[in-house]
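Report on the structure
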Amino acid sequence: MNKPVIGVLGASGAVGRAAVRELRALGHTGLRLGGRTASALRAVAEEDPAGHDETVWADATAPDGLRAFTEGCDIVLNCVGPTYRLRATVAFAALDAGAHCVDVAGDDPAAEDLDKGSDPVRDGRAVVLSAGALPGLSSLLPRWLTTRGGLDAATALTAYCGGLETCSPTVAHDLMLSLSSGGADGAAYGEALAAVRGGRRVSRALRTDEDTAHEAFPGRVAVQPYLSGESERLATVLGLDRLDWYNVHPGPAVRALLNLLPGRLAAGDDPDALAERLMLAADLDLAGRSPYYVMDFELSGTASGAPATAGLTLRAASSYRLTAAVGALAADAVLRGRVGAGVHFACDVLDPDTVMGHLRSHGVADLRLTGTAAEAEQVEQVEEGVL
């Protein structure tokens, strides 16, 4: 039986290069590496000691180049953007070539396009969207916490996510596009200051704090409440009464520019120039400091009839590697037949235990459990030791 051909689009980018390494760690070889810069692709291919990877010029905005890259692939792992400009472009190209597709982003716009276009179920193909850190892990980790955290019932979730790291061009452009797109039905990706109360979205339920401290983050940080479509779906799936989600900004330069972005975009400023400013601001905030990314979750509910909490804190050196790991795991799951035909969000089809185990065993992230979650894990370790 021939090995499946895995195409990694954007293989020389911040996420793509890390995804190639994750796929190799999972035992996949002979990858097809796609991108627009031949020298950068060759550098990634040379990291393969066996020398079995191939490089193919590919541009997601050029139909002919995209078609040439996807033809012959069994699955395409898309690591390029901007997400909200490409939407389902890469997924459609993969399906047209008879391949599965995993997109480290994608989100609602891609899902909506796919619902109106090709029928992956009819063709027996799987498309997995939002297979990254956020969105992706941001929903998968709380789900794991609800099942393994030792709570009988969960009623509320509080999350803090953010970090200090470089900003890629894709992230910069997607951040700006998310202010006016990225959500369902052409809406913005999410709503600042909103939260879930009584199981539904409530506008202006929370307030921004520009100078505060949180035990999971070093130093002073700014926190902004932000409710995304993914978070709303999470609250519905878990049956939560309350959900408070905070984006954390440790660097003053990035935070100051984020405050200005809506007004500058409305005034007609060049998005490319604003993206350059955002990348520079991230570099200024990072100067002299070590990069990091944190996702902190606390579930509230009951255990044995009494009020209880379960917490999970993830710490990583890079959100890009986190995204790469989830994307690679999603591609691996599809190839192993663990994901059925159709269009899916990664949090709905990936096995949380497999993802958590990979992040721990491969040194992608450190994970710390608190409250009833820590107690439940200690009991499980003891029981496994007895067995």
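One can find the structure itself at the top, above this paragraph.
Basis of the calculations
Every chain's residues receive numbers from 1 upward, in the order its sequence appears when written. Given that this is a predicted model, residues contribute local features only at a pLDDT of at least 70 and side-chain atom pairs are listed and counted only at 80 or more, while totals for whole chains, interfaces and linings are drawn from all residues. The side-chain quantities take in all heavy atoms of the structure and omit both hydrogens and water. For our purposes a nonpolar core is just a set of buried Ala, Val, Leu, Ile, Met, Phe, Trp, Tyr and Cys residues, chained together by side-chain atoms within 4.5 Å. Any residue under 20% of the maximum accessible area for its type is buried, any over 50% is exposed, and the rest in between are partly exposed; the area is computed with a 1.4 Å probe on protein chains only. For helices the rule is a DSSP run of H or I covering at least 4 residues; for strands it is a run of E covering at least 2, with both sets numbered from the N terminus onward. Should any heavy atoms of two residues lie within 4.5 Å, those residues are considered in contact. Classification of ring pairs uses Phe, Tyr and Trp, with its six-membered ring standing for Trp, and accepts pairs whose centres are within 6.5 Å; under 30 degrees between planes counts as stacked, over 60 as edge-to-face, and the remaining range as tilted. We treat two strands as partners when DSSP finds at least two bridges between them. Comment: axis = line fitted to C-alpha atoms, over the contacting stretch for helices; angle = value between 0 and 180 degrees taken between N-to-C directions. Throughout, the term roughly parallel applies to angles under 35 degrees, roughly antiparallel to angles over 145, roughly perpendicular to angles from 65 to 115, and oblique to all others. The sense of a crossing depends on the near helix, which, turned anticlockwise from the far helix by less than a right angle, makes the crossing left-handed and, turned clockwise, makes it right-handed. Note on residue categories: nonpolar means Ala, Val, Leu, Ile, Met, Phe, Trp, Tyr, Cys or Pro, charged means Asp, Glu, Lys or Arg, and polar means any other residue, Gly included.

1. Points about the nonpolar core
Grouped together as the largest cluster of nonpolar side chains are 74 residues, with contacts concentrated most on Val102, Leu137, Leu145, Leu243, Phe297, Leu314 and Leu322. Considering each element in turn, this core owes the most residues, eleven residues, to helix α13 (residues 319-335). The contact partners of Leu322, leaving out residues within four places of it in the chain, are Ala133, Leu137, Tyr293, Leu314, Ala316, Leu359, Val364 and Ala365. Ranked by size, the runner-up nonpolar core spans 24 residues in total, among them Phe69, Ala110, Leu129 and Cys347.

2. Some words on the packing of aromatic side chains
Counted by the stated rule, this structure contains four aromatic pairs. Where Tyr189 meets Tyr226, the ring centres are 6.3 Å apart and the plane angle is 20 degrees; that geometry is what we call stacked. On the criterion of sequence distance, the pair formed by Tyr189 in the loop between α9 (169-177) and β8 (190-192) and Tyr226 in strand β12 (residues 221-228) is long-range, its members being 37 residues apart. Taken individually, Tyr189 and Tyr226 each receive the classification buried, so the pair is uniform in this respect.

3. Regarding the pairing of strand β7 (residues 153-164)
Sheet analysis places β7 next to strand β14 (residues 292-303), joined by eleven bridges and oriented antiparallel. Along β14, the bridge assignment pairs Thr158 with Glu298. Bridge count for β7 against strand β13 (residues 242-249) is seven bridges, and the pairing is parallel. In the sheet register, Gly162 faces β13, and the bridge partner there is Val248.

4. Considerations on the packing of helix α1 (residues 14-25) against helix α2 (residues 38-45)
In contact at an axis separation of 11 Å, α1 and α2 are set at 25 degrees when each is read in the N-to-C sense. Overall, the two elements α1 and α2 adopt an arrangement that is roughly parallel. You can see that α1 and α2 cross each other, and the crossing is right-handed. From α1, Arg17, Val20 and Arg24 reach across to α2, where they touch Ala43, Val44 and Ala45. Here the contact of α1 with α2 is built from residues that sort into four nonpolar, no polar and two charged.

5. Observations concerning the packing of α9 against helix α12 (residues 271-286)
Orientation of α9 relative to α12, taken along the N-to-C sense of each, is 120 degrees, at an axis distance of 9 Å. Taken together, the axis directions place α9 and α12 in an arrangement best described as oblique. Taken as a pair, α9 and α12 cross one another with a handedness that is right-handed. Counted together, Pro169, Ala172, His173, Leu175 and Met176 of α9 and Pro271, Asp272, Leu274, Ala275, Leu278 and Met279 of α12 form the full contact between these two elements. Considering only residue class, the contact of α9 with α12 consists of nine nonpolar, one polar and one charged.

All quantities given are derived from atomic positions and should not be read as evidence of function.
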